[in-house]
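Structural overview
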Amino acid sequence: MKLFFNLVIFILALPVLFMLAYQNGLLEGVVSDDMVPIDPFVRAELTQKTSGSDLSRRIDTALDQGSYDDAVMYADIARYAGMEIETGTAERLKAEQGLTRSVARNTGNFFEGFITGEGSDTASFAGAITSDLTVIGDVRDIGTEGSKLVQGEDYSKFILGLSVVGLAATTATIASGGGALPARIGVSLLKVAKKAGTLTVEFTRDLTRLLNEAVNFEKLGGTLRTIDLTDSAATRRAITEYAGSISMARITPTLSDIAALEKSVGPAESVRLLKYVNKSEDLTRITRMSGKLGPKTRGIIEITGKTSLRAFKNVANLVLWAIGWGWWILATIGAGFVGTLGRRMRRARA
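Calculation criteria
Residues numbered from 1 in each chain as written. Predicted model: local features only at pLDDT ≥ 70, side-chain atom pairs only at ≥ 80, totals over all residues. Heavy atoms only, no water. Axes fitted to C-alpha atoms, helices over the stretch in contact; angles between N-to-C directions. Helix = DSSP H or I, 4+ residues; strand = E, 2+ residues; numbered from the N terminus. Parallel < 35°, antiparallel > 145°, perpendicular 65-115°, else oblique. Left-handed = near helix turned anticlockwise from the far one by under 90°. Contact = heavy atoms within 4.5 Å. Nonpolar A, V, L, I, M, F, W, Y, C, P; charged D, E, K, R; others polar. 1 Å grid on protein atoms, 1.4 Å probe; cavity = no way out; pocket = protein on both sides within 12 Å on 5 of 7 lines; lining within 4 Å. Points joined across faces, edges and corners; volume = space filled by probe spheres on them. Salt bridge = Lys/Arg side-chain N within 4 Å of Asp/Glu carboxyl O. Expected span 1.5 Å × (residues − 1). Buried < 20%, exposed > 50% of the residue type's maximum accessible area, 1.4 Å probe, protein only. Arc of directions from axis to C-beta. Phe/Tyr/Trp six-rings, centres within 6.5 Å; stacked < 30°, edge-to-face > 60°. Lys NZ or Arg CZ within 6 Å of the ring centre and 35° of its normal.

Moving on, we get to the packing of helix H7 (residues 122–133) against helix H10 (residues 181–196). Here H7 crosses H10 at 130°, and the two axes come no closer than 9 Å. Considered as vectors, H7 and H10 are oriented oblique to each other. At the point where H7 passes H10, the crossing takes the right-handed sense. Contacts between H7 and H10 involve Phe125, Ala128, Ile129, Asp132 and Leu133 from the former and Arg184, Ile185, Ser188, Leu189, Lys191, Val192 and Ala196 from the latter. Of the residues assigned to the contact of H7 with H10, the class counts are eight nonpolar, one polar and three charged.

The calculated volume of the second largest pocket comes to roughly 190 Å³. Together, 13 residues line the second largest pocket, and Asp69, Thr122, Val265, Glu269 and Pro295 are the ones closest to its centre. Among the secondary structure elements, those contributing two or more residues to the lining of the second largest pocket are helix H4 (68–81) and helix H15 (267–273). In terms of residue class, the lining of the second largest pocket is made up of six nonpolar, two polar and five charged.

What follows covers the environment of threonine 171. Mapped onto the elements, threonine 171 comes out in helix H9 (residues 157–176). A C-alpha to C-alpha distance of 9.6 Å links threonine 171 and arginine 184, two positions 13 residues apart in sequence.

Here the focus is the pattern of salt bridges. Per the counting criterion, the structure on display carries 22 salt bridges. Between glutamate 213 and arginine 250 there is a salt bridge, with the nearest N and O atoms lying 3.1 Å from each other. Of this pair, glutamate 213 sits in helix H11 (residues 201–214) while arginine 250 sits in the loop between helix H13 (232–242) and helix H14 (252–265), and the two are 37 residues apart along the sequence. A salt bridge links lysine 275 to glutamate 302, with the shortest nitrogen-to-oxygen separation between them at 3.9 Å. Placement of the pair is lysine 275 in the loop between H15 and helix H16 (280–293) and glutamate 302 in helix H17 (residues 297–304), with a sequence separation of 27 residues. The network of salt bridges with common partners includes Asp69, Asp70, Glu269, Arg272, Lys275, Arg298 and Glu302.

Bringing H14 into the picture now. Turn by turn, an α-helix covers 3.6 residues, leaving residues three or four places apart pointing in a common direction. The end-to-end C-alpha distance of H14 is 20 Å, a good match for the 20 Å that 14 residues give at a rise of 1.5 Å each. Among all positions in H14, only Thr254, Leu255, Ile258, Ala259, Leu261 and Val265 are buried. Each buried residue of H14 lies within a common arc of 155° when the element is viewed along its axis, so the set occupies one face. A positive phi of about 90° marks glycine 266, the residue just after H14.

To continue, consider the packing of helix H12 (residues 217–224) against H13. Running from amino to carboxyl end, H12 crosses H13 at an angle of 145°, the nearest separation of the two axes being 10 Å. Of the two elements, H12 crosses H13, and the hand of that crossing is right-handed. On the side of H12, the interface is formed by Lys219, Leu220, Thr223 and Leu224, while H13 contributes Ala238, Ile239 and Tyr242. Per-class residue counts for the contact of H12 with H13 are five nonpolar, one polar and one charged.

To continue, consider the side chain of threonine 50. Considering the arrangement of structural elements, one finds threonine 50 in the loop between helix H2 (39–49) and helix H3 (52–64). On the accessibility criterion, threonine 50 (9% relative accessible area) is buried.

Per the counting criterion, the structure on display carries zero aromatic pairs. Its guanidinium or amino end placed over the ring of tyrosine 80, arginine 43 lies 4.4 Å from that ring's centre, counting from NZ or CZ.

Next comes the structure, spelled out in C-alpha cells:
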C-alpha cells in the first residue's frame, strides 16, 4: 500500500516539477512550446479572470456601443471556456446576426473604408485594405504625402514610405506569381493601423527606421518632382520604375509576420492587435498566439493581460487544470485503494 501511495504522489508531483523546469528555461532545446498543449492553460486562466456573467456584461456593453465585432469575440471566448452567457444577452446577439442588420452594418462601412483608407470595424477595415491591395490606396497616399514632400511641407514618411513599398510589392507579386503577396498585405495592414491609431510609438519608430533603409527618400523626392501627382496613372508608372531601387530585405520579415497575423485573425483584428506590439519580438509572440487562438486572441489578451503562449503555461494554471480533472484522479486513487483492500481481504480469508 505504501508503494502505491508513493507512486501516486510521484505521478501527481511529476507534472508540477516538469512545469517548474519548463518555466525556468531548464528544458530549452529539449521541449518546444508546441509540445505543451496551450488550450487547458488558457482555459484555466480564463476561469480565474472571467465568468459567464462577466462575458455577458462585456457583450451587452459592446452591443450598446455598436461594437458588433467585440460582442462576437466575447461570445466566442465564452464558448471556448465553456461558460454560459445570459439568455437575454444571447438573444440580443442573435438578433444582430440577422441578414438585414448585417447588410446595413457592413455595406456602407466597406465603401467608406475603401474610399478613405480608414476604418473602425471589420467592414471598413476590409474596405481600406482592399483599396490598398488594388493599388488605389497606394497611389492615393503617394499623391497626398508626395505633394507635401515636393512642396517642402511636413509629410508622413511612414505613410509615403509604406505606399512606395506597397507598389513595389505589388509589382513583385505579379512578377513572382504571388510570392510577394504577404509583404503586400503587411503594407496595407500597417497603413490602416497607422490611420486608425493602433500602432504604438515604439513600433512606428522601428518601422520608420526600416523604411529609411528600404527607400531613398531624397531620390524619391527627385522622382516625384518630375510628375503630376494628380495624375494617378503617371504616378503609378513613375513609382513602378523607381521600385527597382527599393531594398525590401530588412522590412520583408516584419511584413510577412503581419500577413501571418492577418491569416489567423482577419484584417480588422490584426489592426487592433497591433496596439500590443512595441517591437518585432512582440509581433512574433502575438502572431504565434493568434495562430493557436484565432480571432478571440485580442479578447483573451484584454481579459488575462498575457501576450504570449508561454505566459499561460505555469504551475498555477496546471494545478487549476488538474483540479478540473480531480474527479478522475480521485477515482483512480479510489479504484487502486479498493482493489488493494479487496486483495488483502481475499488473502486473509484464504
